[in-house]
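The lines below spell out each chain.
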Amino acid sequence: MFGNLFEEDFSFISNNHREKGKKSKPRDSEPPAPRDFTNLSGIKNQGGTCYLNSLLQTLLFTPEFREALFSLGPEELGSLDNSSKPDAKVRIIPLQLQRLFAQLLLLDQQAASTTDLTESFGWNSHEEMRQHDVQELNRILFSALESSLVGTSGHDLINRLYHGIVVNQIVCKECKNISERQEDFLDLTVAVKGVAGLEEALWNMYVEEEYFENENLYRCGACDKLVEASKSAKLRKLPPFLTISLLRFNFDFKKCERYKETSCYTFPIQINLRPFCEQTEMDDSEYMYELFSVIIHKGGCYGGHYHVYIRDVDELGNWQLKDELIEDEALGDTENSKVVENPLVVLKGILSEEEAKQIPVDQLGQKLLEKKGVSWNKKYRKEYGALRKYLQNHPHIFQFSPDENKVGLKEKQKLPFKSAFQGQDLQSPSQKNDVQWNSEKNPTRLRDSSAGSHWFDLNDSKVQPIKEKDVQNQFQGKESAYMLFYRKSQLKRPPEARGNPRYQIPEHLLNEMNAANTELQKKRAECDSANNGIDLHLHLSSCYKFHNGALHPSLTWKESVVDLTIDRRKTLGDLRQSVFQMLESWEGDMILSIAKPLPAGLHLYQILDGDELTLDGIGLADGADVFVWNGKEVGGTKVMTGPDHAPVVVNVLRLAEYNEGGRGQHFTESQHVFSCSTKLGDLRKALAPLGGIILKNGSGPDKEAKNWEVFLEEDMKETVKSVGLTDGCSVLILDSHDQSFVNVSSGNLTAFTYDISWLQVKNYCRTEEEEKHVKITATIETVRKLIVQGYNTGSFPEKLKAEAYDVLHVFVLPEVPEDYTVKEAELKMGSLLGLCHGKAPTSTQFAMCMFPFFIGDNWHLRRIDWCYEAGEALSQENGLFSLPDDSPHELLLRVQMGIPGERDYYDSTDLVWDISKECTAWALRQRVASHYFLPIDKIEIAKYFAEKYEWLPISSWTQQISKRKRKKKQESLQSAPYHLKDGDIIGVKNLLLDDTKDFSTVRDDVGKEKQRQLALEKKKSQQAERLQDHVFSEEKLNIKHRKPEVALSINVGVFR
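Keep in mind the model is a prediction, meaning the values are calculated, not measured. (Residues numbered from 1 in each chain as written. Predicted model: local features only at pLDDT ≥ 70, side-chain atom pairs only at ≥ 80, totals over all residues. Heavy atoms only, no water.)

## A word on the overall build of the protein
Alright, step 1. On a plain count of helices and strands, the protein comes out with 24 helices and 52 strands.
Alright, step 2. Expressed as a percentage of the 1056 residues in the protein, the buried residues total 44%.
Alright, step 3. At a minimum sequence separation of 6, the contacts of the protein that also span at least 24 residues come to 69%.
Alright, step 4. Surface exposure of the protein reaches about 57,500 Å², of which carbon and sulfur atoms provide 49%. (Helix = DSSP H or I, 4+ residues; strand = E, 2+ residues; numbered from the N terminus. Buried < 20%, exposed > 50% of the residue type's maximum accessible area, 1.4 Å probe, protein only. Contact = heavy atoms within 4.5 Å. Areas by Shrake-Rupley, 256 points an atom, 1.4 Å probe, with all protein chains shown as cover.)

## Concerning the sheet that holds strand E18 (residues 398-400)
Alright, step 1. Within the open sheet, the 3 strands sit side by side as E17-E19-E18. Their pairing is antiparallel. Single-partner strands in this sheet number two, and they are strand E17 (359-360) and E18.
Alright, step 2. By the bridge criterion, 3 bridges tie E18 to strand E19 (residues 406-409) in an arrangement that is antiparallel. Residue pairing across strands places Phe-398 opposite Leu-409, the latter belonging to E19.
Alright, step 3. Set on the sheet, helix H11 (residues 343-353) makes contact with E17, E18 and E19; between it and E19 the angle comes to about 95°. (Pairing = 2+ DSSP bridges. Axes fitted to C-alpha atoms, helices over the stretch in contact; angles between N-to-C directions.)

## What about the pairing of strand E25 (residues 550-553)?
Alright, step 1. Pairing analysis gives 4 bridges linking strand E24 (residues 544-547) to E25, with the strands arranged antiparallel. Within the sheet, the bridge partner assigned to His-547 lies in E25 and is Ala-550.
Alright, step 2. Counting the residues between successive antiparallel strands, the hairpin from E24 to E25 contains 2 residues, one of them, Asn-548, with a positive phi of roughly 55°.

## Considering the side chain of Ser-54
Alright, step 1. Among the secondary structure elements, Ser-54 is positioned in helix H1 (residues 50-60).
Alright, step 2. Residue class for Ser-54 comes out buried when judged on its relative accessible area of 3%.
Alright, step 3. Within polar-contact distance, the side chain of Ser-54 engages the backbone oxygen of Cys-50 at 3.0 Å.
Alright, step 4. Ignoring sequence-local partners within four residues, the contact set of Ser-54 consists of Ile-295, Tyr-306, His-307 and Val-308. (Polar contact = N/O pair within 3.5 Å; in protein donor to acceptor, adjacent residues only side chain to side chain.)

## A short note on the nonpolar core
Alright, step 1. Of all hydrophobic cores here, the largest spans 68 residues; its most connected members are Phe-65, Phe-101 and Ile-1050.
Alright, step 2. Top element by residues in this core is helix H4 (residues 92-106). It accounts for 9 residues.
Alright, step 3. When residues of this core are sorted by domain, at least three fall in each of domain 1 (42-158 + 456-521) and domain 2 (163-300).
Alright, step 4. With 35 residues, the next largest nonpolar core counts Leu-202, Ile-271, Leu-291 and Val-471 among its residues. (Core = buried A, V, L, I, M, F, W, Y, C linked by side-chain atoms within 4.5 Å. Domains from an automatic or database assignment.)

## A word on helix H18 (residues 572-582)
Alright, step 1. Within H18, the full set of buried residues consists of Leu-572, Leu-575, Arg-576 and Val-579. For H18, the arc enclosing every buried residue in end-on projection is 100°, short of the 170-degree limit, so these residues lie on one face.
Alright, step 2. At its buried positions, H18 is contacted by strand E23 (533-540), strand E26 (561-567), strand E27 (591-598) and strand E29 (625-629). (Arc of directions from axis to C-beta.)

## Some details on the pairing of strand E10 (residues 229-237)
Alright, step 1. Two elements, strand E4 (residues 164-172) and E10, share 8 bridges in a ladder whose sense is antiparallel. Among the inter-strand pairings, Ile-170 is bridged to a residue of E10, identified as Lys-231.

## Observations regarding unusual backbone geometry
Alright, step 1. The linkage connecting Ala-976 with the following residue, Pro-977, adopts the cis geometry, with an omega of 5°.
Alright, step 2. Mapped onto the secondary structure, Pro-977 falls in the loop between helix H23 (963-968) and strand E52 (985-990).
Alright, step 3. A positive phi angle is found at Asp-224, which is not glycine, with a value near 55°.
Alright, step 4. Positive phi, normally seen in glycine, also occurs at Gln-504, with a value near 65°.
Alright, step 5. Looking at the secondary structure, you find Gln-504 in the loop between strand E22 (479-488) and helix H16 (507-532).
Alright, step 6. For Gln-504, a relative accessible area of 35% translates into the label partly exposed.

## With respect to the packing of aromatic side chains
Alright, step 1. Tallying each qualifying case throughout the model produces 21 aromatic pairs.
Alright, step 2. Measuring from centroid to centroid gives 6.4 Å for Phe-65 and Phe-101, while their planes differ by 70°, and the two rings are edge-to-face. Here Phe-101 lies in helix H4 and Phe-65 lies in helix H2 (residues 63-70), a separation of 36 residues in the sequence. By the burial criterion, Phe-65 is buried, and Phe-101 matches it.
Alright, step 3. Ring centres 5.5 Å apart and planes at 75° place the aromatic pair Tyr-544 and Phe-627 in the edge-to-face group. (Phe/Tyr/Trp six-rings, centres within 6.5 Å; stacked < 30°, edge-to-face > 60°.)

## Focus: the packing of H2 against H4
Alright, step 1. At a minimum axis distance of 10 Å, the contact between H2 and H4 shows a crossing angle of 120°. Here H2 is positioned oblique relative to H4, judged by the angle of their axes. Viewed along their axes, H2 and H4 form a crossing whose handedness is left-handed. Residue-level inspection shows Phe-65, Arg-66, Leu-69 and Phe-70 of H2 in contact with H4, the latter providing Pro-94, Leu-97, Gln-98, Phe-101, Ala-102 and Leu-105.
Alright, step 2. Grouping the constituent residues of the contact of H2 with H4 by class yields 8 nonpolar, 1 polar and 1 charged. (Parallel < 35°, antiparallel > 145°, perpendicular 65-115°, else oblique. Left-handed = near helix turned anticlockwise from the far one by under 90°. Nonpolar A, V, L, I, M, F, W, Y, C, P; charged D, E, K, R; others polar.)

## Some details on the sheet that holds strand E50 (residues 939-945)
Alright, step 1. Taken together, the 5 strands give an open sheet; going across it, the order is E49-E48-E52-E50-E51, and neighbouring strands pair in mixed fashion. Each end of this open sheet is capped by a strand with a single partner; those strands are strand E49 (909-914) and strand E51 (950-954). Between one strand axis and the next, the sheet turns by 40° as a mean value, whatever way the strands run.
Alright, step 2. Alignment of strand E48 (residues 890-897) against E52, held across 4 bridges, turns out to be parallel. Following the sheet pairing, Met-897 is matched in E52 by Val-988.
Alright, step 3. The sheet strands contacting helix H22 (residues 921-932) are E48, E49, E50, E51 and E52, and the helix crosses E49 at an angle near 135°.

## Brief notes about the pattern of salt bridges
Alright, step 1. Summed over the entire model, instances satisfying the criterion amount to 31 salt bridges.
Alright, step 2. One salt bridge connects Glu-713 with Arg-684, and the closest N-O pair in it is separated by 3.2 Å. With Glu-713 in the loop between strand E35 (708-710) and strand E36 (730-734) and Arg-684 in helix H19 (residues 680-687), this pair connects stretches of sequence that are 29 residues apart.
Alright, step 3. A relative accessible area of 53% places Glu-713 in the exposed class.
Alright, step 4. In this structure Arg-684 comes out as partly exposed when scored by relative accessible area, which is 22%. (Salt bridge = Lys/Arg side-chain N within 4 Å of Asp/Glu carboxyl O.)

## Concerning H4
Alright, step 1. If you check H4, its first and last C-alpha atoms are 21 Å apart, about what 15 residues at 1.5 Å a residue would give, namely 21 Å.
Alright, step 2. The buried fraction of H4 amounts to 13 of the 15 residues, a majority that puts the element mostly inside the structure. (Expected span 1.5 Å × (residues − 1).)

## Some points on the packing of H11 against helix H12 (residues 361-372)
Alright, step 1. At a minimum axis distance of 10 Å, the contact between H11 and H12 shows a crossing angle of 105°. By the angle between their axes, H11 is roughly perpendicular relative to H12. From H11, Val-346, Leu-347, Gly-349, Ile-350, Leu-351 and Glu-353 reach across to H12, where they touch Leu-364, Lys-367, Leu-368, Lys-371 and Lys-372.
Alright, step 2. The residue inventory of the contact of H11 with H12, partitioned by class, reads 6 nonpolar, 1 polar and 4 charged.

## Some words on the confidence of the model for the protein
Alright, step 1. Mean pLDDT over the protein: 77, with 71% of residues reaching 70 or higher.
Alright, step 2. Counting interchain partners and residues more than four positions distant, the pLDDT-below-50 stretch residues 1-27 has 76 contacts.
Alright, step 3. Below a pLDDT of 50 lies the segment residues 789-814, which in the model reaches 69 contacts outside its immediate sequence neighbourhood of four places, other chains included. (pLDDT = per-residue confidence, 0-100.)

## Some thoughts on the environment of Gly-728
Alright, step 1. Within the secondary structure, Gly-728 sits in the loop between E35 and E36.
Alright, step 2. Separated by 76 residues in the primary sequence, Gly-728 and Val-652 have C-alpha atoms spaced 9.9 Å apart.

## Examining the environment of Glu-890
Alright, step 1. Mapped onto the secondary structure, Glu-890 falls in strand E48.
Alright, step 2. As for Glu-890 and Ser-916, which are separated by 26 residues in sequence, their C-alpha atoms are 6.9 Å apart.
Alright, step 3. In this structure Glu-890 touches Val-912, Trp-913, Asp-914, Ile-915 and Asp-982, once residues within four positions along its chain are discounted.

## Some words on the state of the cysteines
Alright, step 1. For the structure on display, the rule yields 0 disulfides.
Alright, step 2. We note that Cys-172 lacks a disulfide partner, and the nearest cysteine sulfur, in Cys-175, lies 3.6 Å from it. (Disulfide = S-S within 2.5 Å.)

Take a look at the structure:
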């Protein structure tokens, strides 16, 4: 009818019920969740089957349909076990429907699956993902059931429950002849547009008459002429169950589009159909119908979601609103809710299980002890007070006898039956008098309410109770009623069916559900054990010894540890008992302590105490280490416990002997264990008995000098823990002769670096007989301070020591500001520094070594390079010296000679080319020719552009510039198009052996082809992006490309 008109729209659905594009794979490790407090089961959504779920729930809560289906046994329908046999006559659809209904009624799971049912329909995954119209499904499903039940006692099931007759009559005004035509119906379709409600629509259909008059006359068969007449329709036969489909979806011929009618459309909870019937002589009860199901559509005409409001006729579910449920819960301290169970729930559970209405208060306390294994006084008295007083404080739940010696639950507070979900055997209807379904002994209601007012909202997997007045909310809007289901008020349910979901279920289905519930309980127990079980590592004191501040296994680690798995909800007393059972030979007291493996060894923390507390309550986590001992000593040695005595492994470093030749390792390192409570004074006595200084590295294992801090004398009273020494921290011990490296006032290590051992200094202030070079120890101080410290400590001649501090300055070749540190100056081991007379240059000055050159009577200055060789003369412009040019004067090129007759090259060699004078093509050809000892006119050279796999020949090229500029600017290979730089590859062709001027190789051809492919892929990607942008732009314009409509169908075998 509508095909896939109603595609799912998920914008308004919670994540728990959103229709997915893919089926989520069930996790085999976890069983399905049990039913919630309503005791009703939902149905899983397969992706787009919310319309199917709503209709199936309606059929399930139609008891007469459900029981008629259950009355068909395997002898008529066959067995699902034989469905694969070719000759077997198995009516799969009714069998799967029976099985699904049994699961919804009896299987203890939050939601049932319809996969088996939809497979019996012949639906594939695409059909399950496509949503259809529920009104169309109602007709097709009934037709499929009728075809499946042909030849069985249930062949008339649909007609018996849903079939009605409408008679259309035309009455001639002249001869009074009546012409009539009967129409069968399974559901009535009524208009919504322009109608206020259901009763008005029925009135228009079955009370109002249409007249043929004036130009619109009727040809009477009896009169054989055109006459005036009246036309009307009446309900001739009323079905037990009346299904009404509302025409919410219409077509706007002006806009040429579908739309949903969201105007207000009322419908009554009870309706009298007498005015619309042909026969009106019977009693009113024959015409009274009661609403019991409303299928609701939420969304628009092109997408939406279905759910259903259902009245629980047999009161199978526990109807209790959320606010009432919260009111019944105890208002105990939420902080203790995880540790201590709610006593209100415990007491209500005990009293609900009692057959007697009231039991003595003392007996209630005894039953609590038997059930929980702990008395009221021990578990609850401290927080909730005495038991009798607690019961008296909840008069709305508990009811005392007149003498207040007995107590029971008020009738409305009795808990629901435990049903088959708790594991007892499911029994057949013939045994119903001996089971807990007797409502007198075990009421299924949590609260008293008027009969028949229990409404539930079944939204796929979710089931929640609602009030009857909530049905009125579905009169109008985008979320509104779409199908209405009424049942005759005369249809009464037998007393034994009330609250009994097993009523009339066949024996084989009861057994199957019983076995399934047993398996579910087993899986949940295994899952619960896995989720709540914790693995503990028990360390036995007999397998340990205490030395060097920690516990160490005397055997292997595997032999010293015993693994134990236990439920985290058990008490510490249970854990202790389990350990006793494992260690049968244990004698004396048993103390359990939390242990923690540390780098130094195993250390004990707090002792576990309070046998009545749960393991979860005391914070015992999965994988925890527990030490089993007597609480005093291990192997005859007293053991200190707690975080204050935790052992800390400290790396103790000392300066190595002076190593002049290279970097080397400048520390000797050893590890020592100290307790957190050890004072620094005791640590110093142990590590530096002859006196010394202790420095801490704030960055732990990283030993950069800038992180070293000196522990002052006032720190010696602090403990290892208080000063922040943790596992892996390093301390440096400096003996008395090393203390010159420490600036004690600032508390920092200032005379040692890890990267540089020594530097050399050239003394430009020397006399002839004095030493030219000296070596000093490198520090992290500034270059100037380094040199001053150097000559103050004896590294320089006595004469220099007498020089004033402000007439000396340091320069480094090349020049570096002397206020830089060694690291900032990028000095390497053995770097040369110079010491000169005079003040240091400022930031706007630079230092120079000046050597005058005399030509006759004149002299001038020249630059000195790093080899101290004279360079070009310095010119004076405007009284200022020009700064030296920082541009490079040499290029390092990689040249490779082509192999004659092949498209390949020999291995490349390095070529240093001096470009201080010129960087032209001719100069490069000349340098390459001399490198290979070839005539300059017998070679060809080219630069290789690796990113393009191309070679650009370098000829006697002249840049295209004006003549005026050419005078000022010579051609340069460092500019376009070559941009020559260090590391470039230059190919060389020897024209004496190879006259081919093609520099390319096979590797270049492959690279270019890859680049071409990448370019094509990039172009395709850009086109796809543009196409996607076009699609997005259409979506922004609300242009939606819809799938072609597909009709709904159910495949049924032939059983005639």
